[in-house]
Protein chains: 2
Amino acid sequence: MKNLIPNSRRNFIKTATIGTAATLSIPQIVSAAVGTSASAKKVQLSNNDIILFQGDSITDWGRDHKATEPNTSSMLGTGYAILAAAELLMKHPAKNLKIYNRGVSGNKVYQLAERWDTDCIALKPTIVSIHIGVNDFWHTLTSGYKGTIDNYIADYKALLDRTQKALPGVKLIICEPFALRGTKAVSDVWYPNFDLYRKAAKDIAEQYNLPFVPYQSVFDKALQSGGDANYWTIDGVHPSVAGAKLMAQAWLEAVKG
Amino acid sequence: MKNLIPNSRRNFIKTATIGTAATLSIPQIVSAAVGTSASAKKVQLSNNDIILFQGDSITDWGRDHKATEPNTSSMLGTGYAILAAAELLMKHPAKNLKIYNRGVSGNKVYQLAERWDTDCIALKPTIVSIHIGVNDFWHTLTSGYKGTIDNYIADYKALLDRTQKALPGVKLIICEPFALRGTKAVSDVWYPNFDLYRKAAKDIAEQYNLPFVPYQSVFDKALQSGGDANYWTIDGVHPSVAGAKLMAQAWLEAVKG
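Remember, it's a predicted structure, so these values are computed and weren't measured experimentally.

A closer look at the overall build of chain A
Item 1. Each helix and strand in chain A was counted, giving 13 helices and 7 strands.
Item 2. For chain A, buried positions account for 50% of its 257 residues.
Item 3. In chain A, of all internal contacts separated by at least 6 residues, the share reaching a separation of at least 24 is 75%.

What follows is the structure, given as structure tokens:
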């Protein structure tokens with residue numbers, strides 16, 4: 001079934017982006033931020049796709065770790081994953097999608113690797129969305145974590161190589177780590193080092209020719225249109241409900257139905 | 001801030017509805033089902049609105065009953081309430097909205113009345129959305145409940161009168177009870193009696209000149225476009241994630257920003 005709205009909407013955005021950010025609605029801002037990104041690749045949604053959201057607490061958010069059934073609120077939680085999944089499930093009732101969330105709070109990229117056989121490969125996903133990196137930096141400040149940006153990059157690439165080998169043809173989506181200053185968790189001490197993790201994720205997406213969801217740009221643009229960092233996030237790291245919806249909108253731009 | 005997308009989208013829908021259901025996307029179907037409803041009134045969203053979702057398990061769905069902070073996933077749960085709230089919070093960052101969910105599983109309309117002082121009036125809401133009625137019928141089959149359709153109507157009207165008296169100028173939204181056959185919970189024995197509750201809710205909305213969210217029509221139309229009753233609901237009464245998103249889309253059509 002052809003979804004005509006996104007096309008008309010996208011054409012509209014092209015025109016609308018001539019204006020300033022202040023005159024655009026938030027959904028338009030999201031489209032503009034994602035659409036003008038250098039690597040605005042998308043994955044094609046197919047019948048019987050098995051979609052896996054992977055990441056840290058931002059992804060984990062409210063899910064029941066004992067849930068086994070895809071497409072349920074227990075599985076998906078209350079964060080961006082359920083907001084994005086709900087839209088896909090509503091729009092594509094005939095596609096027989098199965099959507100899982102296996103984000104785990106506190107995870108860094110090496111911890112995804114530790115549980116990847118069980119929490120990724122065994123599910124036989126056809127689309128894997130990975131959002132990881134904020135803890136790889138944050139825990140160096142708060143928990144004495146000794147990993148470096150080089151570890152992050154090497155571990156991330158090894159994870160992608162392993163995934164592509166185990167799941168030939170898998171469609172991967174790389175999501176940008178983000179942080180908002182002026183909040184409980186994020187201060188100037190984060191910079192410029194945290195930006196290396198954002199850049200690394202983007203570089204990896206480009207090197208692997210994968211869609212990249214530019215969450216930092218999307219949040220930065222949203223900050224210009226009402227709502228400060230404490231509106232869009234709880235603490236600068238974890239999104240509010242408004243911020244989770246912003247993420248879901250940005251994420252959905254990486255998928256074409 | 002003017003939101004241009006909904007306007008262009010609505011104009012598009014006008015054109016699109018000339019086609020058949022099979023060629024329309026689900027969001028278009030929702031708009032068409034709501035837009036052609038006889039009572040397509042809307043409430044106007046204003047700055048500082050305090051929005052309350054009230055109802056039974058369909059509204060309650062996954063919320064933490066101890067949560068006190070509006071706009072949080074703990075408060076809002078994992079059902080249509082958070083999906084609708086997330087969209088409002090994302091689209092209107094400058095409006096200072098406060099959104100609460102106080103649905104309680106198993107509730108019938110008289111049980112809303114029992115807890116109305118605490119769970120509605122005390123919150124001083126400016127917009128109250130009420131979705132109640134399926135248990136007023138269902139529990140006559142399953143739990144020996146003796147209430148009749150006349151009780152439902154009288155109790156519902158008394159609740160609205162009381163709300164309008166306690167909260168002058170409150171913007172009310174009446175949501176249709178719905179059920180889908182061919183499911184675990186809903187069989188032919190429900191009909192035609194269950195339809196009286198749907199009609200009663202609609203009649204009350206018309207008598208009080210209030211927006212009405214026609215969930216049954218929306219689900220009925222969605223059934224024509226892929227996905228059966230067990231796709232859109234878990235048991236015919238409780239929506240799946242896909243069904244909750246369908247409800248949120250329909251609910252949002254009752255609000256203009």
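Considering the pairing of strand β5 (residues 171-175) of chain A
Residues and elements named next belong to chain A.
Item 1. Counting buried positions along β5 gives 5 out of 5 residues, so the element sits mostly inside the fold.
Item 2. Across the two faces of β5 the burial is the same, with Lys-171, Ile-173 and Cys-175 and Leu-172 and Ile-174 all buried.
Item 3. Here strand β4 (residues 127-131) pairs with β5 via 5 bridges, running parallel. For Ser-129, the partnering residue across the bridge sits in β5 and is Ile-173.
Item 4. In this structure, β5 lies alongside strand β6 (residues 212-213), joined through 2 bridges in parallel fashion. Considered in β6, the bridge of Cys-175 is made with Val-213.

Regarding the relation of the copies chain B and chain A
Two chain copies here: they are related by a rotation about an axis and a translation along the same axis.
Item 1. In the superposition of chain B on chain A (RMSD 0.0 Å, axial shift 0.0 Å), the rotation amounts to 180°. This pairing of chains is accounted for by a two-fold axis. Closest to the rotation axis within chain B is the C-alpha of Thr-78 of chain B, separated from it by 2.9 Å.
Item 2. Of the residues that chain B buries at the interface, 100% are likewise interface residues in chain A, meaning the two copies contact each other through the same surface.

Describing the interface of chain B and chain A
Item 1. Every contact between the two is made by 40 residues of chain B and, on the other side, 40 residues of chain A.
Item 2. Every element with two or more residues in the side of chain B that touches chain A is listed here: α1 (4-16), α2 (26-35), α4 (73-76), α5 (80-91) and α13 (241-252) of chain B.
Item 3. Of the residues forming the side of chain B that touches chain A, the biggest block, 8 residues, is contributed by α5 of chain B.
Item 4. Residue composition of the side of chain B that touches chain A, by class: 23 nonpolar, 13 polar and 4 charged.

Remarks on the sheet that holds strand β6 (residues 212-213) of chain B
Item 1. One open sheet holds the 5 strands; their spatial order is β3-β2-β4-β5-β6 (chain B), and the pairing between them is parallel. The open sheet has two edge strands with one neighbour each: β3 (98-101) and β6 of chain B.

Details of unusual backbone geometry
Item 1. Tyr-191 of chain A connects to Pro-192 of chain A through a cis peptide bond whose omega is 5°.
Item 2. Tracing the sequence through the fold places Pro-192 of chain A in the loop between β5 and α10 (193-207).
Item 3. At Lys-124 of chain B, a position not held by glycine, the phi torsion is positive, near 50°.
Item 4. Within the secondary structure, Lys-124 of chain B sits in the loop between α7 (116-119) and β4 (127-131).
Item 5. Its identity as a non-glycine residue notwithstanding, Asn-209 of chain B has a phi of 60°, on the positive side.

Quick look at the sheet that holds β6 of chain A
Item 1. Read from one edge of the open sheet, 5 strands run β3-β2-β4-β5-β6 (chain A), paired in parallel fashion. The open sheet is flanked by β3 (98-101) and β6 of chain A, the only strands paired with a single partner.

Each value, and the rule that gives it
- Residues numbered from 1 in each chain as written.
- Chains lettered and ligands numbered in written order.
- Predicted model: local features only at pLDDT ≥ 70, side-chain atom pairs only at ≥ 80, totals over all residues.
- Helix = DSSP H or I, 4+ residues; strand = E, 2+ residues; numbered from the N terminus.
- Buried ≥ 20, exposed ≤ 12 C-beta atoms within 10 Å, placed from the backbone.
- Contact = placed C-beta atoms within 7 Å.
- Pairing = 2+ DSSP bridges.
- Least-squares fit on C-alpha atoms with pLDDT ≥ 70 in both.
- Nonpolar A, V, L, I, M, F, W, Y, C, P; charged D, E, K, R; others polar.

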